[in-house]
Amino acid sequence: MKLTSRRARAIVVAIAAGSLALTGCSENKGTSSNKDSKKDQQEASAQSKAVVYADAAASTGPAEEVPGAKPGGTITAYQESGLTHLDPGQIYVSDAGQVANLLFRGLTNFEEDGKGNVSVVGDLATDSGKSSDGGKTWTYTLKDGVKDQNGNEITSADIRHTFERQFAKFIFDGPTYIQTWLAGPDYRKVLPDGGFGKKHLPDTMLETPDDKTVVFHFDTARPDLPQTLAMPGYTVVPEKTDTKEKYDKAPVSTGPYKISEYKVGKVLKLVKNENWDPKTDSVRHQYVDGWDFQFGVTESTQTKRLISDQGDAKSAIQFTGSVDATQIQDVISDASVNKRTIKGYQPYVMSLTFNLDRVKNKAVRDAVAYAVNSKSLIAGEGGAYGGDVAPNLFAPTLPGYEPTYDPFGRLKTPQGNIAKAQELLKGVPAAQKKLVFAYSNSEAGQKRKVAVEDALTKVGFDVVSKEVDSASYYEQIAKLDNPYDMYITGWGQDWPSPGTVVTPIYDGDQVADGSSNYSHIDDPKVQELIKKALTQEPTEAAKTWREAHHYIIEKINPGAPLWYTKQFQLFGSNIGGARYSTESSYIDVTRLFLKS
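Residues numbered from 1 in each chain as written. Predicted model: local features only at pLDDT ≥ 70, side-chain atom pairs only at ≥ 80, totals over all residues. Heavy atoms only, no water.

Q: I keep staring at the sheet that holds strand β12 (residues 290-295) and nothing clicks. Help me out?
A: Within a beta sheet, neighbouring strands are joined by backbone hydrogen bonds and run either parallel or antiparallel to one another. In spatial order, the strands read β10-β11-β12-β3-β13; together these five strands make up an open sheet with mixed pairing. Each edge of the open sheet is held by one strand with a lone partner, namely β10 (257-263) and β13 (316-318). Strand-to-strand twist in this sheet, taken as the mean axis angle between neighbours without regard to direction, amounts to 20 degrees. Examined bridge by bridge, strand β11 (residues 267-272) and β12 share five bridges and lie antiparallel to one another. Residue pairing for β12: Lys269 is matched across the bridge by Asp292. Where helix α8 (residues 299-308) meets the sheet, it contacts β3 (74-79), β12 and β13, and its direction lies at approximately 140 degrees from that of β13. (Pairing = 2+ DSSP bridges. Helix = DSSP H or I, 4+ residues; strand = E, 2+ residues; numbered from the N terminus. Axes fitted to C-alpha atoms, helices over the stretch in contact; angles between N-to-C directions. Contact = heavy atoms within 4.5 Å.)

Set out below in structure tokens:
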């Protein structure tokens with residue numbers, strides 16, 4: 001897709017290089033573009049281009065038309081697990097993030113051209129934001145005529161409410177960047193009722209001088225704010241219709257579609273939101289009449305249906321699932337099927353994360369890190385089509401990635417180093433060798449369970465595996481008092497900066513129920529390096545993030561790196577406009593249509 005003159009007038013602000021991820025953690029069973037890992041990683045690097053902060057011209061709708069697009073029909077979306085949340089403030093997992101781009105709008109959003117070029121455009125706002133005071137102050141002006149599904153115009157009061165409600169205790173699963181930037185790590189104490197009472201954040205933090213203007217005030221420069229605001233977790237919740245805890249089950253739409261029926265984990269049907277105005281939206285389309293989500297459809301069943309391409313499957317997609325590993329050859333060997341796929345490198349690193357409150361002996365953690373069999377785990381994901389061996393905790397799509405940094409010798413011994421693991425376990429009491437492993441009850445989770453048990457049993461560990469519901473998997477392991485010693489987690493940067501990896505999952509200030517610091521790491525040296533990096537320019541900060549990365553792995557080891565994920569999704573022959581989204585790491589749902 002060519003850049004129009006409107007896009008060409010964008011304001012370029014190269015904050016850092018890297019690809020983008022809608023959400024941090026994800027169940028991620030990705031698969032891939034080809035069998036050449038080095039080539040894939042080169043493509044991942046090429047995917048990592050400077051982000052553009054767009055002006056008002058580039059933020060004005062309607063979105064550029066998709067060639068050949070036609071209106072009408074319903075897309076069927078296959079999904080194995082239910083959605084943990086639909087309250088925007090709780091969204092931090094990629095499946096809900098995909099749905100969010102159909103339902104919700106924020107101050108900004110990501111726009112891409114299909115060639116790896118990504119911009120931040122104004123969504124509810126007229127542009128990507130205007131900074132002043134050395135980047136400490138950011139001002140946003142709301143577009144005219146933006147309404148929610150009930151016909152109520154979005155005002156600055158709704159934006160204020162959206163951010164204040166995230167200080168409430170019932171919001172526990174979403175991102176915390178802006179809250180902590182405004183009010184510090186103990187932000188909940190600043191506004192414990194989330195703005196639902198008479199008290200609000202002071203104008204020195206969040207200012208709304210009129211119905212159209214929103215001003216953020218920070219105590220230090222926040223050049224990444226436009227990208228942060230584009231996260232699904234910061235999309236708007238209209239003040240008049242906020243039902244607090246109940247909002248998760250019946251959220252109000254501001255996007256092109258709204259919910260017509262929703263039963264958690266069973267049914268989700270979307271229809272057109274007649275109050276969405278395409279003239280205000282430079283990213284999304286409303287080609288189809290609706291979306292029908294079918295939950296509980298395993299990836300193997302999804303793949304079989306889409307390969308056969310019969311009946312409803314012709315107008316269906318894999319929403320966040322991937323081609324089943326055992327059927328990959330059936331897909332790639334048939335040209336008529338293979339052409340109905342989207343492929344790309346994802347930004348996620350899958351790791352076997354330790355609960356440091358329970359696995360306190362570093363020798364045990366190191367032994368596990370040497371023992372785990374990345375080769376076997378990747379085989380379960382589809383082999384070279386499913387991922388690459390991860391030697392460390394930074395993904396190839398992340399600025400600062402070091403392909404040869406391999407502290408556990410994972411590249412040399414991807415099947416695990418049994419001798420080294422056994423050596424580390426000498427003298428370790430039997431009680432410390434008993435490890436409780438939590439795994440998702442999805443098809444992918446079952447395969448991972450077998451691979452982990454097999455590898456660790458060989459070196460003398462007693463693995464007790466506990467099944468966890470896949471829809472609430474991250475919610476369960478995010479509980480501080482969870483009864484598990486280790487669990488597989490996947491994390492990808494929220495925007496192209498190592499800070500969006502190190503801070504959310506290794507910052508001691510983030511140790512709390514619902515936090516993505518799944519290991520509960522709380523180390524003074526790590527804290528010191530995080531604070532230092534956050535005040536530095538990108539070039540200097542990169543050195544500090546690298547130091548933090550090495551220290552975390554070598555001195556603490558909160559999780560064993562396993563593999564980097566790839567994406568390989570299948571769609572029906574009646575689906576038009578399909579392409580890989582470098583921003584979401586899935587099929588781009590903003591532009592799909594039905595051919596007939």
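Q: Honestly, empty space enclosed by the protein in this entry has me stumped. Any pointers?
A: Empty space among the atoms becomes visible once a probe the size of a water molecule is rolled across them. Summed over all chains, the structure comprises six cavities of 30 Å³ or more. Volume-wise, the largest cavity comes out at about 200 Å³. Lining the largest cavity are 21 residues, with Ser351, Thr489, Trp491, Ile505 and Tyr506 positioned closest to its centre. Secondary-structure elements contributing two or more residues to the lining of the largest cavity are β14 (341-354), β18 (486-492) and α16 (499-506). Of the residues contributing to the lining of the largest cavity, the split by class is twelve nonpolar, nine polar and no charged. (1 Å grid on protein atoms, 1.4 Å probe; cavity = no way out; pocket = protein on both sides within 12 Å on 5 of 7 lines; lining within 4 Å. Points joined across faces, edges and corners; volume = space filled by probe spheres on them. Nonpolar A, V, L, I, M, F, W, Y, C, P; charged D, E, K, R; others polar.)

Q: Sorry, what's going on with the side chain of Asp523 here?
A: Position of Asp523 relative to the elements: it lies in the loop between α16 and α17 (524-534). Of the side chains bearing the opposite charge, Lys525 lies closest to the buried Asp523, which forms no salt bridge; the N-O distance is 8.1 Å. At 3.2 Å, the side chain of Asp523 forms a polar contact with the side chain of Tyr551. Aside from chain neighbours lying at most four places away, what touches Asp523 is Tyr551 and Ile556. (Buried < 20%, exposed > 50% of the residue type's maximum accessible area, 1.4 Å probe, protein only. Lys, Arg positive; Asp, Glu negative; His and termini not counted. Salt bridge = Lys/Arg side-chain N within 4 Å of Asp/Glu carboxyl O. Polar contact = N/O pair within 3.5 Å; in protein donor to acceptor, adjacent residues only side chain to side chain.)

Q: When you look at the packing of helix α12 (residues 374-381) against helix α14 (residues 443-458) in this model, what are you seeing that I'm missing?
A: A pair of packed helices is characterised by two quantities: the angle between their axes and the separation of those axes. α14 packs onto α12 with a crossing angle of 165 degrees between their chain directions and a minimal axis gap of 9 Å. Considered as vectors, α12 and α14 are oriented roughly antiparallel to each other. Seen along the crossing, α12 lies across α14 with a hand that is right-handed. On α14, the residues that touch Ser376, Leu377, Gly380 and Glu381 of α12 are Lys447, Arg448, Ala451 and Val452. Partitioned by chemical class, the residues of the contact of α12 with α14 number three nonpolar, two polar and three charged. (Parallel < 35°, antiparallel > 145°, perpendicular 65-115°, else oblique. Left-handed = near helix turned anticlockwise from the far one by under 90°.)

Q: When you look at the packing of aromatic side chains in this model, what are you seeing that I'm missing?
A: Each pair of aromatic rings is reported with the distance of its centres and the angle of its planes. By the definition in use, this model includes 22 aromatic pairs. Taking the centre distance of 5.8 Å and the plane angle of 80 degrees together, the rings of Tyr401 and Tyr564 count as edge-to-face. Of this pair, Tyr401 sits in the loop between β15 (387-389) and α13 (418-424) while Tyr564 sits in strand β19 (residues 559-570), placing them 163 residues apart in sequence. Each of the two residues, Tyr401 as well as Tyr564, counts as buried. One aromatic cluster is present, formed by Tyr140, Phe163, Tyr177, Trp181, Phe216, Phe218, Tyr234 and Trp495 through successive ring pairs. Between the NZ or CZ atom of Arg165 and the centre of the ring of Tyr247, over which it lies, the distance is 5.4 Å. Directly above the ring of Phe196 sits Lys244, whose terminal nitrogen or CZ lies 4.8 Å from the centroid. (Phe/Tyr/Trp six-rings, centres within 6.5 Å; stacked < 30°, edge-to-face > 60°. Lys NZ or Arg CZ within 6 Å of the ring centre and 35° of its normal.)

Q: Help me understand the confidence of the model for the chain, please; the structure alone is not making it clear to me.
A: Close reading of the predicted structure is inappropriate where its pLDDT is low. When pLDDT is averaged along the chain, the result is 90, and 92% of the positions lie at 70 or above. For residues 1-35, every residue scores under 50 in pLDDT, and the model assigns this stretch 176 contacts once sequence neighbours within four places are set aside. (pLDDT = per-residue confidence, 0-100.)

Q: Looking at this structure, I do not really get the pattern of salt bridges. What am I missing?
A: Scanning the model with the defined rule gives 24 salt bridges in all. For Asp127, the salt bridge identified is with Lys130, shortest N-O distance 2.3 Å. Taking the relative accessible area as the measure of exposure, Lys130 reaches 51% and is therefore exposed. A salt bridge links Asp485 to Arg358; the nearest nitrogen and oxygen atoms lie 2.8 Å apart. Placement of Asp485 in the loop between α15 (473-477) and β18 and of Arg358 in the loop between β14 and α11 (362-371) is noted, with a sequence separation of 127 residues between them. Here Asp485 falls in the buried class, since its relative accessible area comes to 6%.

Q: Looking at this structure, how should I read unusual backbone geometry?
A: What you tend to see is this: most non-glycine residues have negative phi, and most peptide bonds are trans. Cis geometry marks the peptide bond from Gly61 to Pro62, where omega comes out at 0 degrees. When you line up the elements, Pro62 lands in the loop between β2 (50-53) and β3. Despite not being glycine, Asp133 has its phi angle at roughly 55 degrees, a positive value. When you line up the elements, Asp133 lands in the loop between β6 (130-132) and β7 (137-141). For Ser585, which is not glycine, the phi dihedral falls at a positive 70 degrees. In this fold, Ser585 is placed in the loop between β20 (575-576) and β21 (593-594).

Q: Would you explain the sheet that holds strand β9 (residues 213-217) in this entry?
A: Taken in spatial order, the four strands line up as β6-β7-β9-β8 in an open sheet, and their pairing is antiparallel. Edge positions in the open sheet fall to β6 and β8 (206-210), since each of these has one partner strand only. Strand after strand, the sheet turns through a mean of 20 degrees between neighbouring axes, direction not considered. Together, β8 and β9 form the strand contacts of helix α4 (residues 156-164), whose direction differs from that of β8 by roughly 170 degrees.

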